[in-house]
Structure formats: C-alpha cells, structure tokens
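Read off the chains here:
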Amino acid sequence: MGMTQAGRASTAADPTTLFSNPAGLTQLSGTQMSGNATFIYAPADIENVKASHAGTNNGDMIPPTWVGSGFISHQMNDNLTVGVGNYAPFGLSTNYESSFQGRFFGDKSKVKVIAIQPTIAYKINDNFSVGLGLSASKIEGLLSAAVAPIPSNPSLEVMGDDISFGYNLGLLWKLDEQTRVGFNYRSETEYSLEGTTKVFNFPVNGAYLNYDASLDISTPATIEVSISHQLNSDTNIHASIGLTQWSVLENLIIKNQNAPSNFATITEELHWEDSWAYSVGADWKSGHGVTYRAGLGVDNTPVTDEHRSVRVPSEDRTVLSLGLSYPFNDKMSIDAAYMFLKEKTAHIDRVKGAGNSGVTYSADYKGVAHLIGAQLNMKF
C-alpha cells in the first residue's frame with residue numbers, strides 16, 4: 001500500500017504475498033504472521049444535477065469503512081512452504097440519503113466478498129518458485145432503489161448470498177542477486193446467489209410483497225506482473241502492471257419467482273470493460289532501521305461513460321501513497337501507509353421509462369479517497 005501496490009507480486013516481504021503471489025512464500029523463513037486493517041474515507045461532490053424529480057445530492061453516499069485481513073506462513077523445509085490467508089478480495093458500498101434525487105436508479109448498494117485461502121509454494125531451485133492457492137469465498141449482496149414516482153413512494157430491496165471456489169497461481173523468478181520478477185493469476189469466481197426481493201408500498205402505503213430471488217454473477221480474473229530491483233543495500237525500486245477482466249460483468253439479471261411481470265425480472269445494464277492498473281514505487285532503509293516507502297499509480301475504471309450508474313460512479317484514478325516500516329526487534333515489526341486517490345470527474349446520464357412515468361438523472365461526480373492502514377508482522 002505504501003508503494004501504491006508497486007512490486008506486489010515480486011517483493012515477497014511477509015505472509016501477505018499469499019494473496020499477491022503465492023510463490024513468494026518460499027522467501028519466508030520459519031513461521032510468520034501478518035494482520036492488518038485499513039480505514040477508507042471517500043467523500044464526493046455531486047454537481048450540475050438535472051433530474052425529472054426533486055431531491056437532494058449530499059455526496060456522502062460512501063460510508064467510512066474498515067477492511068482487514070490476516071495471513072500466516074510456515075516453512076516446512078528448504079523448498080516447501082505452506083500458508084493460509086483470510087481477506088476481502090472485492091467489495092462495494094454506497095448508501096444515499098432517502099431523499100436522493102437519483103434514487104430511482106439506485107439507493108443502497110452493498111457487495112462483500114470474504115475469502116479463505118490455503119496455499120502451498122515450492123522452490124524448484126534457487127532462482128525459480130511456484131505457488132498455488134485454493135480459495136473458498138462467500139459473497140453477500142444488497143441492492144435497493146425507489147420503484148416509481150407515485151404518491152406511495154414504493155421501493156425495492158434485493159438480498160442474496162452464495163459460496164464458491166477459485167484459485168490463485170503464482171510464479172517468482174530471481175533474475176540475479178538484485179532483481180526479481182513476479183507473476184500472479186487469480187481465477188474468475190462464479191456465484192449463484194439465492195435470496196429475496198422485497199417491494200414496499202406498492203401500489204399503496206403499507207403494501208408488502210416478497211419473492212424468492214436468484215442472480216448469477218462472477219467476480220473477475222486478475223493478472224499481475226511485477227518487478228523489484230535493488231539499487232543498493234538501502235534502496236529498492238518496484239513496478240507493477242495489472243489487468244482485471246471486469247468484462248464478465250455484462251448485466252445484473254435478478255429473477256423473482258412467482259412475481260408479476262413488472263417484477264419477474266429486474267435488469268441493470270453494466271457493460272463493464274477490462275481495466276488496467278499501473279504503479280511504480282520505491283523503498284529506502286534509513287540508518288535507524290526504519291524503512292520509508294512511496295508510490296505513484298494509475299487505476300483505470302472498468303465503467304463506460306454510456307452505462308455509468310449512481311451505484312458505481314467511477315472514473316479513472318490517480319493514486320499517491322506514502323508508507324513506512326518500524327522494527328520493534330528481530331521478531332516483530334509494524335507497517336503503516338497512507339494512500340490518496342483522485343478520480344476524474346465522472347458524468348452520469350440515466351433515463352428509465354418514458355412519458356409521464358419516465359425518470360431521468362444526470363450529474364457530475366467529483367470523488368477522492370483517503371486510506372490509512374497499519375499491519376503487524378511477527379516471526380516465530
């Protein structure tokens with residue numbers, strides 16, 4: 001994080017490499033543990049609003065959030081290392097005020113994926129290692145929106161969950177004493193969510209409808225290549241390039257059993273595209289044992305201009321970060337990092353329905369994000 005994810009697949013500094021490149025476990029001796037937490041604060045300004053119906057645009061729809069993970073590795077012998085990690089590979093959370101002007105296109109959106117990954121890594125020789133992790137993950141989702149501009153103010157809420165499996169493959173190649181190259185592939189994971197769709201106040205106040213709901217969705221495969229090079233005994237430079245195959249998210253199609261035609265199938269068009277991320281960074285060890293880090297990156301959005309929604313009003317991001325590590329002793333250290341993300345202005349232009357029953361919403365979103373994280377590392 002302190003280097004904007006630069007070198008994530010090639011540094012192999014602690015057990016978190018289990019996520020970013022499982023082959024890196026072969027670089028860790030003995031038994032090691034890492035646990036971390038990151039606080040995310042992402043305010044936004046909503047400007048230039050034009051809509052068919054009245055409402056508010058506070059721009060505080062992303063609630064402050066904590067995200068954490070934990071990892072442990074154990075060296076079985078000189079060539080074989082195993083480990084296990086618990087982490088959140090994907091997540092989304094937006095929650096607009098009840099009077100939000102674009103509420104007919106989205107109100108609450110929450111997706112949480114939590115995974116556990118046992119992993120094995122093998123050092124083929126001094127220069128080449130491979131690693132494989134098998135992950136079991138649970139996805140939970142919630143989507144809500146206002147239904148129609150009628151006096152009873154009807155709303156709809158969909159909830160569901162599922163458990164599925166995937167894998168993580170890594171390679172680590174030591175080119176020479178100063179340079180390492182890492183490759184990581186994380187598989188696509190397919191889910192079939194089962195849950196409920198609830199409709200409130202339709203067509204009159206106090207009405208309540210409840211249907212069994214289902215949704216098929218996938219989280220994308222990711223590919224990352226990193227390089228780390230030691231300039232001297234105190235300084236390393238790193239670079240990474242990553243591809244996330246977001247094009248698996250074409251549409252959200254929610255099917256509701258025994259529902260009338262207007263609620264039988266609910267579709268939200270996404271048409272996301274594969275996206276690339278690039279980063280460079282460096283670390284420098286001072287004479288007092290403290291390691292300082294910095295990084296710069298670009299993270300391209302998968303969201304197209306035509307289909308950008310209030311649920312994910314995303315644009316391309318520029319990322320800056322700073323970090324440091326402090327060793328308490330030979331067995332314990334702490335890492336800390338700050339990351340700043342600045343998005344380009346994201347324009348939303350949505351239309352639903354026609355005539356007097358149609359609704360429209362267009363606006364410009366200007367978003368930033370501040371992330372502060374800390375991690376404790378222990379060796380046994």
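Starting from 1, residues in each chain are numbered consecutively following that chain's sequence as written. Local features are withheld for residues below a pLDDT of 70 in this predicted model, meaning they are given only at 70 or higher, and side-chain atom pairs are given and counted only at 80 or more; totals for whole chains, interfaces and linings count all residues. To obtain the side-chain values, all non-hydrogen atoms of the structure were included, while hydrogens and water were left out.

A. Structural context of the overall build of the protein. Going along the chain from the N terminus, every DSSP run of H or I of four or more residues is numbered as a helix, and every run of E of two or more is numbered as a strand. Helix and strand counts for the protein come out as two helices and 21 strands. Principal-axis analysis of the C-alpha atoms gives the protein an extent of 70 × 40 × 30 Å. Categorising residues by exposure relies on relative accessible area from a 1.4 Å probe, with only protein chains included: less than 20% of the type maximum marks a residue as buried, more than 50% marks it as exposed, and the intermediate range marks it as partly exposed. Taken over 380 residues, the protein has a buried fraction of 44%.

B. Fine view of the environment of N201. Looking at the secondary structure, you find N201 in the loop between β10 (189-200) and β11 (208-219). Taking the C-alpha atoms as reference points, N201 and V351, 150 residues apart in sequence, are found 23 Å from one another. Leaving out residues up to four positions away in the same chain, N201 has contacts with S152, N153, P154, G206 and A207. Note on definitions: a residue-residue contact is assigned when non-hydrogen atoms from the two residues lie within 4.5 Å.

C. Quick look at the pattern of salt bridges. Any Lys or Arg side-chain nitrogen found within 4 Å of a carboxyl oxygen on Asp or Glu counts as a salt bridge. If you walk through the whole model with that rule in mind, you get 11 salt bridges. Ionic pairing is found between R311 and E268, a salt bridge with its closest N-O pair at 3.0 Å. Taken together, the residues R311 in the loop between β17 (291-299) and β18 (317-327) and E268 in strand β15 (residues 265-269) connect sequence positions 43 residues apart. Overall, the relative accessible area of 6% leaves R311 in the buried class. Given the relative accessible area of 22%, E268 is considered partly exposed. For the salt bridge of R317 with E343, the shortest nitrogen-to-oxygen distance reads 2.9 Å. Remark: E343 occurs in strand β19 (residues 332-343) and R317 occurs in strand β18; sequence separation between them is 26 residues.

D. Inspection of the pairing of strand β3 (residues 65-75) at higher detail. With 10 bridges connecting them, strand β1 (residues 31-41) and β3 associate as antiparallel partners. Among the inter-strand pairings, G35 is bridged to a residue of β3, identified as G70. Bridge count for β3 against strand β4 (residues 80-87) is six bridges, and the pairing is antiparallel. In the sheet register, F71 faces β4, and the bridge partner there is G85. For two strands to be treated as a pair, DSSP must find no fewer than two bridges joining them.

E. Main features of the side chain of S69. With respect to the secondary-structure elements, S69 resides in strand β3. Here a polar contact is taken to be a pair of N or O atoms separated by no more than 3.5 Å, where protein atoms must pair a possible hydrogen donor with a possible acceptor and residues adjacent in sequence count only if both atoms sit in side chains. A distance of 3.0 Å separates the side chain of S69 from the side chain of N36, its partner in a polar contact. Ignoring sequence-local partners within four residues, the contact set of S69 consists of S34, G35, N36, N86 and Y87.

F. Quick peek at a negative patch on the surface. Together, E188, E190, E194, D212 and D216 give the surface a local cluster of negative charge. Listed by contribution, the elements that provide at least two residues to the negative patch are β10 and β11. Take E190: it is sitting in strand β10. What makes a patch is a set of residues exposed beyond 30% relative accessible area and free of salt bridges, joined within 9 Å when like-charged and within 5 Å when nonpolar (Val, Leu, Ile, Met, Phe, Trp, Tyr). Working definition of accessibility: Shrake-Rupley area with a 1.4 Å probe, residue cover restricted to the visible protein chains. Under this rule, positive means Lys or Arg and negative means Asp or Glu; His and the chain ends count for nothing. Working definition for charges: the position is that of NZ of Lys, CZ of Arg, CG of Asp or CD of Glu.

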